[in-house]
Structures are given as C-alpha cells and as structure tokens.
Amino acid sequence: MAQDTPKAPNPDKPTVAVLGPGGVGGLLAALLSRAGHRVICLATDATAEALRTRGLRVRSGQFGDFTVAVEADTELREPVDACLIAVKATSLDAALPRIPAQAIGDTLLVPFLNGVEHPGLLRAHYRPDQVAPSAIRVESTRVAPGEIEHGSPFAQIDLAGDPVPRARLDALAVALTEAGITTRVLDDEVAALWAKMSLLAPIALLTTRYGVPLGEIRDRHREELTALVREAAEVSRACGGPADPDGALARYDAFPPGTKSSMQRDAEAGRPLELDAIGGALLRAADRHGIAVPTASRVVRELGSTAG
C-alpha cells in the first residue's frame, strides 16, 4: 500500500473531528487528512491507539491505496469546525459522551447515520442549529482498526440541516468536495434523509433477510424488491420526501451485482443490526400516516425473529 508523505495540516483549512472512524468515518477522515485538514478521530482506547501508531490505511479503486496520519482520542476536548458522526445507529447513545456538549463550543455536528429518527435525539443533547443531519451513499468497510476498504465506485454526500446557517454547510461542502467526495447542499433535511431511507431500506432489509448480495435480490426476488420499493416510496412521499420507485429500481439495476448492504455485513459479522433504525422507523412512519406496508412489515418481522 502506498504511504503518503506525512505533512502538517493546513491551518487555513477546517479542522474536522470524526466520531466513529469505521468504514464510512474512516474513509472520510483519511480523505480529509490527505487533503491537508487537521483530523481528530474519536474512538475507543484500542482503536485510538491503533490510529496513533499506524495511521489510517485505505484501499479504494476510486481514491487509490494510501496511508495517512490522524490524531486520535477517546473524546473531543476542544471545539472544531465540524464533527462528522459516523457511528452505527445502534451505538449512538453510547458514543455521545465522546462529544460532550460542554466542550464542543460552536462545533457543527454532522450525523451520517442510517434512518430518519436520530436528528431528534441529537437535538435533545445539543443546540438544534448545530445539528446538520446529512446523508452519504457509499459502500465502505472497516476490516480492522484503522484499515478501510472502499468498495463502491462512488462516494456521495448530501449536506442538510434546516436550522443550520447555510454558510456553514457550504464551507463544509467545499472541504469535502476538495477532498474528492461528491458533495451538495440541500435545502430540505427531511427530503434528504428520506431520499436515502427510501433507497436504503429495501436493499438493507432484503439482502439481510436472504443473506445474498443485491444482484441475487434483483434476479431471484424481483417481485418482492419491487413491492418493498413502492411501499418505501409511498411512506417517503407522506413524510415529505421524494417518491420515485421506478428511478430507485433503475439505480439498483446499475449497482454492481456483488453490492452488499451495511446491515447485511453486520449480520455476517455477528454485530447488532440497525433493524429498528431502518425497518422499525419505516414501519412507525407508515403507521403515523395510515399507510399499509405489508411487505415491509413481514420482512422486518422475519428479520426480528431471526435476530432474536
């Protein structure tokens, strides 16, 4: 793997903390560090020590193979320009003490969690105008502490945050874009979150339910996939998000056949599933709006029975 020449962070560039330097967070931290940002990774003692000792190593067809140095700590001890929150939804409660409200000052908090319900939790802990719920589309996996494999031929971010000053979002979008990540700023955070949710939920639920990658879901479970996509789109529309089931199916068809969802990878590794954050949230939203979602209800029930 190529070793990038160590260089001091550029003081004119935003300082960024990353809570959860796993598949997503580790990739973002590495790319920002390579672009000259001061990056502070927040993790467990063991992971923080691994990052301080060996740095962050990335293998990526899109970004190349490289290693960069980052700072690492168990909690944020000073205000920074932005803190990217990239932990799993199942770990959010346990991870929040790593970004204590009394220490973060005016830090912009940018969660990239799956689901649509986490903004309320974060805004109960921090100032609402500091929380910018955003969405990332990428397939990236932590194979060991500090070792990241980026498998998708894309990494795309939608930044949002209705009460957040637009200038703060624009500045972060520039930083991420310069680091190589396709980034745009959207005006409606609900639409941004549901755009991802309605695309993610069918893949996550079905690849995990059957234990096969997306290509096999497309071929062997097409009818079920179509029904689930249409149910998710209807719920998204009722919640104020986009609804384009045909477009979603076309996007699935363009994905590499070996694509796996993060929930499927969690299941394969024996980790807790984000079933409630994804499937549960979809069912709760459907119930609030009186929408029947029989396929989603059955698949979530089957997954819950298996996980239990």
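What you see is a predicted model, and the numbers here were worked out from it, not measured in a lab. (Residues numbered from 1 in each chain as written. Predicted model: local features only at pLDDT ≥ 70, side-chain atom pairs only at ≥ 80, totals over all residues. Heavy atoms only, no water.)

Draft legend 1. View of helix 1 (residues 23-34). If you check helix 1, its first and last C-alpha atoms are 17 Å apart, about what twelve residues at 1.5 Å a residue would give, namely 16 Å. In terms of burial, helix 1 is largely enclosed, as ten of its twelve residues are buried. Turning to helix 1, its buried residues number three or more, namely Gly-23, Gly-25, Gly-26, Leu-27, Leu-28, Ala-29, Ala-30, Leu-31, Leu-32 and Ser-33. Directly after helix 1, the chain includes Gly-36, whose backbone phi takes a positive value near 100°. (Helix = DSSP H or I, 4+ residues; strand = E, 2+ residues; numbered from the N terminus. Expected span 1.5 Å × (residues − 1). Buried < 20%, exposed > 50% of the residue type's maximum accessible area, 1.4 Å probe, protein only.)

Draft legend 2. Examining the nonpolar core more closely. Core analysis: the largest hydrophobic core is formed by 39 residues, its most contacted members being Leu-56, Leu-84 and Leu-159. Element by element, the count of residues in this core is highest for helix 1, at six residues. If sequence neighbours within four positions are ignored, Leu-56 has contacts with Gly-26, Ala-29, Ala-30, Cys-41, Leu-51, Phe-66, Thr-67, Val-68, Val-70, Gly-146 and Ile-148. In this structure, Leu-206, Ala-232, Leu-249 and Ala-286 belong to the second largest nonpolar core, which totals 37 residues. (Core = buried A, V, L, I, M, F, W, Y, C linked by side-chain atoms within 4.5 Å. Contact = heavy atoms within 4.5 Å.)

Draft legend 3. View of the sheet that holds strand 3 (residues 56-60). The sheet built from four strands is open, its strands ordered 4-3-10-9 with mixed pairing. Of all the strands in the sheet, the pair left with one neighbour each is strand 4 (66-68) and strand 9 (140-144). The sheet shows a mean angle of 25° between the axes of neighbouring strands, taken without regard to direction. (Pairing = 2+ DSSP bridges. Axes fitted to C-alpha atoms, helices over the stretch in contact; angles between N-to-C directions.)

Draft legend 4. Layout of the side chain of Glu-189. Here Glu-189 shows up in helix 6 (residues 189-210). Excluding anything up to four places from it in sequence, Glu-189 contacts Arg-123, Pro-133, Ala-160, Gly-161, Asp-162 and Pro-163.

Draft legend 5. Region of interest: helix 6. The end-to-end C-alpha separation of helix 6 is 32 Å, in line with the 32 Å expected for 22 residues at 1.5 Å each. A bend of about 30° at Leu-200 is the largest found in helix 6, and the proline Pro-202 appears one to four places after it. Burial within helix 6 is extensive, with 17 of its 22 residues counted as buried. A distance of 3.0 Å separates the backbone nitrogen of Val-190 from a side-chain oxygen at the start of helix 6, and that oxygen is part of Asp-188. The first or second residue beyond helix 6 is Gly-211, which carries a positive phi of 65°. (Bend = angle between axes of the 7 residues up to and from the residue. Polar contact = N/O pair within 3.5 Å; in protein donor to acceptor, adjacent residues only side chain to side chain.)

Draft legend 6. Local environment of the packing of helix 6 against helix 10 (residues 262-269). Helix 10 packs onto helix 6 with a crossing angle of 30° between their chain directions and a minimal axis gap of 7 Å. Considered as vectors, helix 6 and helix 10 are oriented roughly parallel to each other. Together, Ala-204, Leu-205, Thr-207 and Thr-208 of helix 6 and Met-263, Gln-264 and Ala-267 of helix 10 make up the contact between the two elements. Along the lines of polarity and charge, the residues of the contact of helix 6 with helix 10 split into four nonpolar, three polar and no charged. (Parallel < 35°, antiparallel > 145°, perpendicular 65-115°, else oblique. Nonpolar A, V, L, I, M, F, W, Y, C, P; charged D, E, K, R; others polar.)

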